[in-house]
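# Structural characterization, general
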Amino acid sequence: MEFKDKVIVVTGAASGIGLALTQRFVQEGATVIASDLKAEAGAQKAAEAGARFVQADVGQEADIVRLIDDVLGKEGRIDLFCSNAGIGIGAGPETLDKHWDLIHRVNVMSHVWAARKLLPYYLERGEGYFLNTASAAGLLTELHSAPYAVTKHAALAFAEWLGITYRNQGIFVSALCPEGVWTPMIENAPILQQTAITTDELVEKTLAALRENRFLITTHESTLPAAQLRAGDNEKWMGKMVRLREKAMGLLENHHALANAEAANKAEAGAPRTEGHA
Ligand SMILES: NC(=O)c1ccc[n+]([C@@H]2O[C@H](COP(=O)([O-])OP(=O)(O)OC[C@H]3O[C@@H](n4cnc5c(N)ncnc54)[C@H](O)[C@@H]3O)[C@@H](O)[C@H]2O)c1
């Protein structure tokens, strides 16, 4: 697809990937509706980018319905819906059910709810596009958080199903599957920082893929060979991942130790001097 004069909705647009996509779509001549859970930051970033802002919590179906109705009412149509908002929470199975539920709603059901609302409209028009942000974690895994790995696999599975089912009716789906991208999301993931790309680089690759209506969008040369190894020689891939996890946990320990030392230094520098007050 091309972007000029198109109406594009982006969720999770107050920060990181969503913000960068919003800025670029505006530059390309699209009318962009930026949405985020965070009303204040979202409205400010949208205004700076030249987009209209609508607050919505994508973890609530009613909010997604309200967002889409608002855009169809005001802009009159939607050409591309970018389900981009996502969260990374939890660690292992001990993660509380309420947190499993939250990440499932935000990372998976938001895509389902957007499709549920938009499909009848797209089908009637005979065209429409979904860009669903999953992750390379959906093709491989995520080393720190089981809920993130599980929900991103589900997000990718849903995007594939949607893309296969409706392509012959003019509806396209792309699944964005980045490895590390420099956004607040990877602040505490030093293993991802080692190979992280900028949001500008991600936007270039994403727009190139959208122009070709390509389903799978990867951002790192390492992703597809790793996915091929996972499928073709799973034992070898598992062994590699076990070793990579060891490395990731070592880096994380150093990262926490450094952050603690920095916090202690700051507290010491800011603490009132006690000499002479005994
Ligand atoms: N940064 C990476 O390395 C990376 C890699 C792979 C996939 N992703 C995915 O990219 C997407 C964007 O992440 P990012 O890196 O830009 O992170 P980010 O934290 O910078 O931005 C996420 C945005 O989503 C918003 N948000 C969170 N919960 C929401 C909700 N319930 N409703 C509406 N908005 C909500 C946040 O307020 C924030 O503005 C996510 O789906 C993430 O999983 C990121």
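### Looking at the side chain of Asn107
With respect to the helices and strands, the residue Asn107 is situated in helix H4 (residues 97-125). A relative accessible area of 0% means that Asn107 is categorised as buried. Polar side-chain contacts of Asn107 include one of 2.9 Å to the backbone oxygen of Ile87. Not counting residues within four places of it along the chain, the set of residues in contact with Asn107 comprises Gly86, Ile87, Tyr148, Thr151, Lys152 and Ala155.

### Regarding the pairing of strand E6 (residues 171-177)
In regular strands, side chains alternate between the two faces of the sheet. With six of its seven residues buried, E6 lies for the most part within the structure. Crossover strand E5 (residues 128-133) to E6 through helix H5 (residues 146-166) is right-handed. In this structure, E6 lies alongside strand E7 (residues 216-218), joined through three bridges in parallel fashion. Paired with Leu176 across the bridge in E7 is Ile217.

### Here's the deal with the packing of helix H8 (residues 223-232) against helix H9 (residues 234-270)
Taken N-terminus to C-terminus, the directions of H8 and H9 make an angle of 125 degrees; their axes are 5 Å apart at the nearest point. By the angle between their axes, H8 is oblique relative to H9. Counting all contacts with H8, which are made through Ala226, Leu229, Arg230 and Gly232, the residues of H9 involved are Asn234, Lys236, Trp237 and Lys240. Across the contact of H8 with H9, the residue classes tally to three nonpolar, two polar and three charged.

### Structural notes on the domain arrangement of the protein chain
Domain boundaries in the protein chain define domain 1 (7-221) and domain 2 (233-270). Measuring from the centre of the C-alpha atoms in domain 1 to the corresponding centre in domain 2 gives 28 Å. Each side of the interface is counted separately: domain 1 has nine residues, and domain 2 has 10 residues. Summed over both partners, the interface of domain 1 with domain 2 buries about 910 Å², with 75% contributed by carbon and sulfur atoms. For domain 1, the biggest contributors to the area lost against domain 2 are Leu143, Pro190 and Ile191; these three give 53% of the whole. At the junction of domain 1 and domain 2, the tally comes to zero salt bridges. Summed over the shared surface of domain 1 and domain 2, the result is three residue pairs in polar contact (both at pLDDT 80 or more). Taken together, the residues of the side of domain 1 that touches domain 2 break down into four nonpolar, four polar and one charged.

Criteria and cut-off values
- Residues numbered from 1 in each chain as written.
- Predicted model: local features only at pLDDT ≥ 70, side-chain atom pairs only at ≥ 80, totals over all residues.
- Heavy atoms only, no water.
- Helix = DSSP H or I, 4+ residues; strand = E, 2+ residues; numbered from the N terminus.
- Buried < 20%, exposed > 50% of the residue type's maximum accessible area, 1.4 Å probe, protein only.
- Polar contact = N/O pair within 3.5 Å; in protein donor to acceptor, adjacent residues only side chain to side chain.
- Contact = heavy atoms within 4.5 Å.
- Right-handed = clockwise from strand over helix to strand, strands pointing away.
- Pairing = 2+ DSSP bridges.
- Axes fitted to C-alpha atoms, helices over the stretch in contact; angles between N-to-C directions.
- Parallel < 35°, antiparallel > 145°, perpendicular 65-115°, else oblique.
- Nonpolar A, V, L, I, M, F, W, Y, C, P; charged D, E, K, R; others polar.
- Domains from an automatic or database assignment.
- Buried area = accessible area lost by both parts, 1.4 Å probe.
- Salt bridge = Lys/Arg side-chain N within 4 Å of Asp/Glu carboxyl O.

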